[in-house]
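# Topology and contacts: notes
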Amino acid sequence: MRDAGRILAILVAAVVIIFGWKYYEDTYQAKTAYAVVPAEVPVKKQATDDDGKAITGEHAYDYKFKFVLKNGEKRTLDYELSGEKVKPFTPNAVIKAEISKKRAIKGPNEISKDKVPNKVRKILNIEIGRAHV
């Protein structure tokens, strides 16, 4: 009987560890990704907290970014840009962020097109201007 209890406890612990690791990996393990800001600026809206209550003095812009990781993998993420004096991203600008499968961990921030890896540049159809001679 004691052995059955120990085995059951070990199995429960293993399941908790496996699902806990999967949640951590999907939510917090970030990889570098790039996207092009949509051409249309989203509508400026009142920023709200997690309970849906308005945050006084803050506004927000809702984006849906189609990110591409360095390995070519694609991920679409929703992102809310918010703050007191928040300005929308520049339309058609290139952004870089550290993203997990569920959220942006760091960034996104606008970068120059030449900072994007060639493989990602091709997938996102980013062309770098050439100097005319």
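Residues numbered from 1 in each chain as written. Predicted model: local features only at pLDDT ≥ 70, side-chain atom pairs only at ≥ 80, totals over all residues. Heavy atoms only, no water.

### Observations regarding the pairing of strand β1 (residues 31–36)
For a regular strand, the rule is simple: side chains alternate between the two faces of the sheet. This is how the line gets drawn: Between any two strands, pairing holds if DSSP finds at least two bridges. Numbered from the N terminus, helices here are DSSP runs of H or I no shorter than four residues, and strands are runs of E no shorter than two.
Bridging between β1 and strand β5 (residues 94–99) involves six bridges; their strand directions are antiparallel. Opposite K31, over in β5, you have I99 as the bridge partner. Here two bridges tie β1 to strand β3 (residues 54–69), and the two strands are oriented antiparallel to one another. In the strand pairing of β3, A33 is matched with L69.

### Quick look at unusual backbone geometry
The linkage connecting G107 with the following residue, P108, adopts the cis geometry, with an omega of 5 degrees. The topology assignment puts P108 in strand β6 (residues 104–111). One non-glycine residue, N92, adopts positive backbone phi at about 65 degrees. Positionally, N92 belongs in the loop between β4 (74–83) and β5.

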